[in-house]
Amino acid sequence: MQTPVLNSKFVGSRVPFLFLNNKKSPDRRTTSISTSCVCSIWNNYHYKRRTRMATDNKLRHVTSMLELPSGAGKISALHAVILGEALASEEHDLVFPSDDFARQAHVSSPQQYLEMYKRSVEDPAGFWSDIASQFYWKKKWDQPACSENFDFRKGNISIQWFKGGLTNICYNCLDRNIESGNADKIAIYWEGNDPGLEDSLTYSQLLDRVCQLSNYLKDVGVKKGDAVVIYLPMLMELPIAMLACARIGAVHSVVFAGFSSESLAQRIVDCKPKVLITCNAVKRGAKAIHLKDIVDAALAESAKNGISVDVCLTYENQNAMKREGTKWQEGRDVWWQDFVPKYPTTCEVEWVDAEDPLFLLYTSGSTGKPKGVLHTTGGYMVYSATTFKYAFDYKPSDVYWCTADCGWITGHSYVTYGPMLNGASVVVFEGTPTYPDAGRCWDIVDKFKVTIFYTAPTLVRSLMRESDEHVTRYSRKSLRVLGSVGEPINPSAWRWFFNVVGDSRCPISDTWWQTETGGFMITPLPGAWPQKPGSATFPFFGVQPVIVDEKGVEIEGECSGYLCLKSSWPGAFRTLYGDHERYETTYFKPFAGYYFTGDGCSRDKDGYHWLTGRVDDVINVSGHRIGTAEVESALVSHPKCAEAAVVGVEHEVKGQGIYAFVTLVEGEPYSEELRKSLILTVRKQIGAFAAPDKIHWAPGLPKTRSGKIMRRILRKIASKQLDELGDTSTLAEPHVVEQLIELADC
């Protein structure tokens, strides 16, 4: 993909670093910021390079910035750090790319970024049309590239990109790459759970496998628009299944293979799939997990709710379990290896409209029911590919590894679609990053010569707790770009990732985005500007973030508040499956005229963004969004639990942990056995990742006289901020707070 043609007249002008001052659109409440902030930092950096100034000198033009807003913390001194020349030792060093890296980057300076960004928000249709035209379209869109209504007061919320254009994302991932000469390039390097288990597929071989599965699905009656649920671990068969569905126009719904049977059944009942694809078992470290048993229980539960699935296609994962030990239902269950390889290796493409559904992905909400986020084809294709290219500065020679599972949006956009649309070689890892020891990641990096490594802060913090020797005993010389995803990364973890893993030479793309956005929204571009450890930096092309107060009024300059978006982007989700009213209520009604992200955000004097976490009742645990209501619902299903309230607390490794206040039924004594039983109930109903880190016995919960639980107080107790409890006089029973404090360590 080529960089869009740009107009040089914008360089050096007053341009929108965060917002665009568009006088032609008075309803766009905007402001503009001079380019001087980052451009002066950049120019100062090059001046220092020329004059050999010491890197520990303060940057004069930012010495007045003594303290950043919430989420950034206090700055005692601000230093310039040049990649490969000095360690990022200060809490808020400015970290610059090297001259060599910047020179070869797709976006090599603040000026180039600002020029591209200005066009992307002033002329979004033209900007994205130029990029979209680099993909294959059976038929080009015959109307304006984008149309939107972000204001529910003007009618139903609606977003459309490239409507009327016919394309296919599988064709653009595979056939297009093969036709361009990449048939023999490795598409997937697969690393098994146990060291020594490995495999690979070229783009040509991958297309053959995809076509065979596509033909099988068509043969059992799957048609365009039908749903297929995929419950697989990180085998090569997982991206194969996703691409096979996309090839024939089926809508895939990948469910993370760590969810319980109840959670899987909930998703089956909602989308009513024609086929469910799974495997018999998987190994997580030394432990084997029988996935087929979980699927059987889910299908039985779905049948009770009137939803039957006719075909359960099961892959025999021989490294975890032989087929002889697998429970089987004749007439429904089918072994993948017995049927799929017999089908032809060519399959006609189903050309779909850009606005036809591509996939469903369920994400937690603040109510008990997960939300079925629906993404469509054309805009998502263009956006996932473009964000991957620029945020990682992807080059054809790169080997890319994202540690995320395809059961989450990161695995959709940045394991499968984004990389393969760019013809990348992707590492797919079945196992856990600390098995058999904490050096496994870097063993894989050296083995496949990984150049781009993308992971979650949870893993970074977990590896930080181990000896650095687990990292330094491996070369890692192939690495050139690192990435962070799922939650804000704290500066200390950022510095360890940069200093130890990246040898002080690899930029970190600390990306902020959501299941709903489909791709990166605020992210560093590695060669474009200096980074601040812990900051997601600036918006991607076409993204217009704003920070608003509680009344929905935009706040300018240095501030903290609610993060919203003021216009659409191609990768935006279009609705919540079967519940457009909830879509509008959740995302567009809190602040009229804006998309509400649900996140808090601070912006510093230089315009850098600092994400401060969720502001609703969703907890971000290890990058997994878990609704507090879901956990509470699971807890109160226990026969000895009368009531539960769940809050999030800071966690050294996970980012946020789950802290549960539990009131038992009358007469039930507290016990360690009961504590374990409650946690087991949550594990069974939702999954191990949702298990509470702390059960806090609660004789009662702090409630107002109207019965509303004062979660603010619970959060303060959980965080041991007892001097910040605030006014408790409005509680129906103020003494409950004292009881909770007394039981905090029980």
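Residues numbered from 1 in each chain as written. Predicted model: local features only at pLDDT ≥ 70, side-chain atom pairs only at ≥ 80, totals over all residues. Heavy atoms only, no water.

Thoughts on the packing of aromatic side chains
- One pass over the full model with this rule turns up 62 aromatic pairs.
- With a centroid separation of 5.0 Å and 10 degrees between ring planes, the pair formed by tyrosine 670 and tryptophan 697 is classed as stacked. Placement of tyrosine 670 in the loop between strand E31 (655–664) and helix H20 (672–685) and of tryptophan 697 in strand E32 (residues 694–697) is noted, with a sequence separation of 27 residues between them.
- Under the relative-accessibility criterion, tryptophan 697 is labelled buried at 2%.
- Through successive ring pairs, a cluster of aromatic residues spans Tyr113, Tyr117, Phe127, Trp128, Tyr383, Tyr390, Trp529, Phe538, Phe540, Phe541 and Tyr608.
- Lying over the aromatic face of tyrosine 608, lysine 532 brings its terminal NZ or CZ to 4.4 Å of the ring centre.
- The positively charged end of lysine 589 is found above the aromatic ring belonging to phenylalanine 152, 5.7 Å away from the centroid. (Phe/Tyr/Trp six-rings, centres within 6.5 Å; stacked < 30°, edge-to-face > 60°. Helix = DSSP H or I, 4+ residues; strand = E, 2+ residues; numbered from the N terminus. Buried < 20%, exposed > 50% of the residue type's maximum accessible area, 1.4 Å probe, protein only. Lys NZ or Arg CZ within 6 Å of the ring centre and 35° of its normal.)

Details of unusual backbone geometry
- The omega angle of the peptide bond from tyrosine 435 to proline 436 is 0 degrees, so this bond is cis rather than trans.
- Mapped onto the secondary structure, proline 436 falls in the loop between strand E19 (425–429) and helix H14 (440–448).
- In this structure, lysine 449 is a non-glycine residue whose phi angle is positive, near 55 degrees.
- Secondary-structure assignment places lysine 449 in the loop between H14 and strand E20 (452–455).

Notes on the nonpolar core
- Of all hydrophobic cores here, the largest spans 175 residues; its most connected members are Phe541 and Leu635.
- Ignoring sequence-local partners within four residues, the contact set of leucine 635 consists of Cys641, Ala644, Val646, Ala660, Val662, Leu678, Val682 and Ile695.
- Counting 30 residues, the second-largest nonpolar core is a separate cluster that includes Val95, Val445, Val500 and Cys506. (Core = buried A, V, L, I, M, F, W, Y, C linked by side-chain atoms within 4.5 Å. Contact = heavy atoms within 4.5 Å.)

A closer look at the sheet that holds strand E17 (residues 371–376)
- In spatial order, the strands read E14-E13-E10-E8-E9-E16-E17-E25; together these eight strands make up an open sheet with mixed pairing. Where the open sheet ends on each side, the last strands, each with one partner, are strand E14 (333–335) and strand E25 (575–576).
- Sheet contacts for helix H10 (residues 291–304): strand E8 (227–231), strand E10 (275–279), strand E13 (311–315) and E14; angle to E10, the most-contacted strand, approximately 155 degrees.
- Where helix H13 (residues 409–421) meets the sheet, it contacts strand E9 (251–254) and strand E16 (357–363), and its direction lies at approximately 140 degrees from that of E16. (Pairing = 2+ DSSP bridges. Axes fitted to C-alpha atoms, helices over the stretch in contact; angles between N-to-C directions.)

Overview of the side chain of lysine 185
- Here lysine 185 lies in the loop between helix H6 (175–182) and strand E6 (186–191).
- Buried and without a salt bridge, lysine 185 has aspartate 398 as its closest oppositely charged side chain, separated by 8.5 Å.
- Here tyrosine 394 takes part through its side chain, which lies 3.3 Å from a polar atom of the side chain of lysine 185.
- Beyond its immediate stretch of four places on either side in the chain, lysine 185 contacts Leu201, Thr202, Tyr203, Tyr394, Pro396, Gly423, Ala424 and Ser425. (Lys, Arg positive; Asp, Glu negative; His and termini not counted. Salt bridge = Lys/Arg side-chain N within 4 Å of Asp/Glu carboxyl O. Polar contact = N/O pair within 3.5 Å; in protein donor to acceptor, adjacent residues only side chain to side chain.)

A look at the confidence of the model for the protein
- Of the residues in the protein, 86% have a pLDDT of 70 or more, and the chain-wide mean is 86.
- Within the model, the stretch residues 1–36 combines pLDDT values under 50 with 88 contacts to residues more than four positions away or in other chains. (pLDDT = per-residue confidence, 0-100.)

Considerations on the sheet that holds strand E24 (residues 559–565)
- The four strands lie next to each other as E23-E24-E26-E27, forming an open sheet whose pairing is antiparallel. If you trace the sheet from one side to the other, it starts and ends with strand E23 (545–548) and strand E27 (609–614), each paired once. Strand-to-strand twist across the sheet, computed as the mean angle between neighbouring axes with direction ignored, equals 45 degrees.
- Sheet analysis places E24 next to strand E26 (residues 595–603), joined by six bridges and oriented antiparallel. By the bridge assignment, tyrosine 562 is partnered in E26 with glycine 600.

What to know about H6
- Those residues of H6 not exposed but buried are Asp175, Arg176 and Asn177.
- Against helix H5 (169–173), helix H7 (203–219), helix H8 (237–247) and H13 lie the buried residues of H6.

Structural notes on the environment of isoleucine 169
- Structurally, isoleucine 169 can be placed in helix H5.
- Sequence-wise, isoleucine 169 and valine 349 are 180 residues apart; in three dimensions their C-alpha atoms are separated by 9.9 Å.
- When sequence neighbours within four positions are dropped, the list of residues in contact with isoleucine 169 reads Ala246, Leu358, Thr377, Tyr380, Met381, Tyr417 and Leu421.

Focus on the pairing of E13
- Here E13 lies mainly inside the structure; five of its five residues are buried.
- Here five bridges tie E10 to E13, and the two strands are oriented parallel to one another. Paired with valine 275 across the bridge in E13 is valine 311.
- Where E13 meets E14, three bridges bridge the pair, whose relative direction is parallel. If you follow threonine 314 over to E14, its bridge partner there is tryptophan 335.

So, the pattern of salt bridges
- Enumeration over the complete set of coordinates arrives at 43 salt bridges.
- Its salt-bridge partner being glutamate 122, residue lysine 118 comes within 3.0 Å of it at the nearest N-O pair. Here lysine 118 and its partner glutamate 122 are both found in helix H3 (residues 110–122), four residues apart, which amounts to about one turn of the helix.
- Looking at lysine 118, the relative accessible area reads 10%, which means it is buried.
- Of the charged contacts in the structure, one is a salt bridge between aspartate 333 and lysine 292, with a shortest N-O distance of 2.7 Å. With aspartate 333 in strand E14 and lysine 292 in helix H10, this residue pair connects regions lying 41 residues apart in the sequence.
- One network of salt bridges, in which partners are shared, links Glu191, Glu198, Arg440 and Lys447.

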